[in-house]
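# Structure assessment
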Amino acid sequence: MPSSIMRNLVTGGAGFVGSHLVDRLMEAGEEVLCLDNYFTGRKQNIERWLGHPRFELIRHDVTEPIRLEVDRIWHLACPASPVHYQHNPIKTAKTSFLGTYNMLGLARRVGARLLLASTSEVYGDPEVHPQPESYRGCVNTIGIRSCYDEGKRIAETLCFDYQRMHGTEIRVVRIFNTYGPRMLPDDGRVVSNFIVQALRGEPLTLYGDGSQTRSFCFVDDLVEGIIRLMNGSQPGPINIGNPGEFTIRQLAELVREKINPSLDLICKPLPQDDPLQRQPVITLAQQYLGWQPTVALSQGLDRTIADFRERLTPSRRA
Ligand code: NAD
Ligand code: UDP
């Protein structure tokens, strides 16, 4: 194997975003070590690469140290859906802190560059709208979302302390709500919930009155952004997200319109600390990475719905 080929470690590589990143790296002719504990990841997501000479699969939990020879670490391992990260919140906090600590230790040892998948959740329930990277956030330290929000905040802190103390090369991306093919049907996130409910002919569940907003980024756009960040010279943190802002009710209406306009929308209780609004300022991504999203919500939803139809219809899977 020529030494010029980049050796990439993708933690959380069997997950939703990770598997799309693995595809891009493999298609670019690079070497990929995909590491996952399969908590929310699935082997099917990366099965097209099994047996490929440039691809290796490692079952491992990032809360345990590991020794590997790599050039780049894309550190994505962490459940992202509130349902999954709240399932075992202590484990989520361990994954965020110990997982990032272990991966930074590895990066330092072998001189690799590490990219951390952080989140818009570091802004909490924001009092500043839209959110620039300079906003320091409004996060509850003791709520049901705190394991994830505070976990990602300390993970960012660790990255910058490794950079200051050891000169470790870091990149930090703050990812806003991302959707697309391969989300788990029982993932619990809003886009997958609405699509699965509509395809099953069930009412779509609005938490609260559906007036809270989110900004939805198609996964291909996100992956392009994080690749540019890794290859560039800015450590970040940099927001990557689609500034198009929608209420959750608007999203439900759009999904219903595309799948089955006769379905009901029903209201359920709003979970604790659910942020009221979220929209990224992407000036830094535009300026430093020449990046901006290219897939509109309607178009991205069509591609996501097609993928769910394929997976949820047994005859099509056979
Ligand atoms: P996902 O749940 O599909 O993927 C996470 C992956 O990490 C899964 O494959 C899971 O099995 C693996 N994992 C979890 N804990 C692990 C551990 N302890 N050891 C090893 N592997 C472990 O989620 P995703 O949407 O693909 O998110 C990927 C990353 O991006 C996460 O770090 C998440 O916090 C971040 N992010 C995602 C979004 C989004 O909207 N998708 C938004 C903000 C941030
Ligand atoms: N949501 C909803 N119905 C659902 C799932 C989620 O109304 O079936 C809402 C949720 O309360 C939140 C928004 O949609 O306000 C986005 O939720 P998600 O879990 O996708 O992501 P996050 O809250 O982390 O942004």
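In this report, the structure presented in the accompanying data block is examined. As the structure is a prediction and not an experimental result, all values here were calculated from the model. (Residues numbered from 1 in each chain as written. Chains lettered and ligands numbered in written order. Predicted model: local features only at pLDDT ≥ 70, side-chain atom pairs only at ≥ 80, totals over all residues. Heavy atoms only, no water.)

### A short note on the site of ligand 2
In the vicinity of ligand 2 lie 18 residues, with Val 190, Thr 205, Tyr 207, Arg 214 and Asp 274 positioned nearest. One nitrogen or oxygen atom from the side chain of Glu 121 is found 3.3 Å from an oxygen atom belonging to ligand 2. If ligand 2 stood free it would expose 520 Å²; the protein chains cover 95% of that surface. (Near = heavy atom within 4 Å. Polar contact = N/O pair within 3.5 Å; in protein donor to acceptor, adjacent residues only side chain to side chain. Areas by Shrake-Rupley, 256 points an atom, 1.4 Å probe, with all protein chains shown as cover.)

### Observations concerning the pairing of strand S2 (residues 31-36)
The element S2 is extensively covered by neighbouring structure, given that six of its six residues are classed as buried. Along S2, one buried face is formed by Glu 31, Leu 33 and Leu 35 and the opposite face, lined by Val 32, Cys 34 and Asp 36, is buried too. The pairing of strand S1 (residues 7-11) with S2 spans five bridges and is classified as parallel. By the bridge assignment for S2, Thr 11 is matched with Leu 35. Where the polypeptide runs from S1 across helix H1 (residues 16-27) and back to S2, its parallel neighbour, the crossover connection is right-handed. Where S2 lies against strand S3 (residues 55-59), five bridges are found, and the strand directions are parallel. Considered in S3, the bridge of Cys 34 is made with Leu 57. (Buried < 20%, exposed > 50% of the residue type's maximum accessible area, 1.4 Å probe, protein only. Helix = DSSP H or I, 4+ residues; strand = E, 2+ residues; numbered from the N terminus. Pairing = 2+ DSSP bridges. Right-handed = clockwise from strand over helix to strand, strands pointing away.)

### Digging into helix H7 (residues 248-259)
Taking 1.5 Å as the rise per residue, H7 with 12 residues should run 16 Å; its terminal C-alpha atoms sit 17 Å apart, in good agreement. Among the residues of H7, Ile 248, Leu 251, Ala 252, Val 255 and Ile 259 are the ones counted as buried. Burial along H7 is one-sided: seen end-on, the buried residues are contained in an arc of 100°. (Expected span 1.5 Å × (residues − 1). Arc of directions from axis to C-beta.)

### Here we look at the site of ligand 1
Close to ligand 1 lie 29 residues, the nearest being Val 17, Asp 36, Thr 40, Leu 76 and Tyr 148. A distance of 2.9 Å separates an oxygen atom of ligand 1 from a polar atom in the backbone of Phe 16. Contact between ligand 1 and Cys 78: an oxygen atom at 3.4 Å from a main-chain N or O atom of the residue. Considering ligand 1 on its own, with 820 Å² of exposed area, one finds that the protein chains cover 97% of that surface. Listed by contribution, the elements that provide at least two residues to the shell around ligand 1 are H1, strand S5 (113-119) and helix H4 (146-166).

### Concerning the side chain of Asn 45
For Asn 45, the location among the structural elements is in the loop between S2 and S3. When near neighbours in sequence (up to four residues on either side) are disregarded, Asn 45 contacts Ala 14, Gly 15, Phe 16, Ser 19 and Arg 182. (Contact = heavy atoms within 4.5 Å.)

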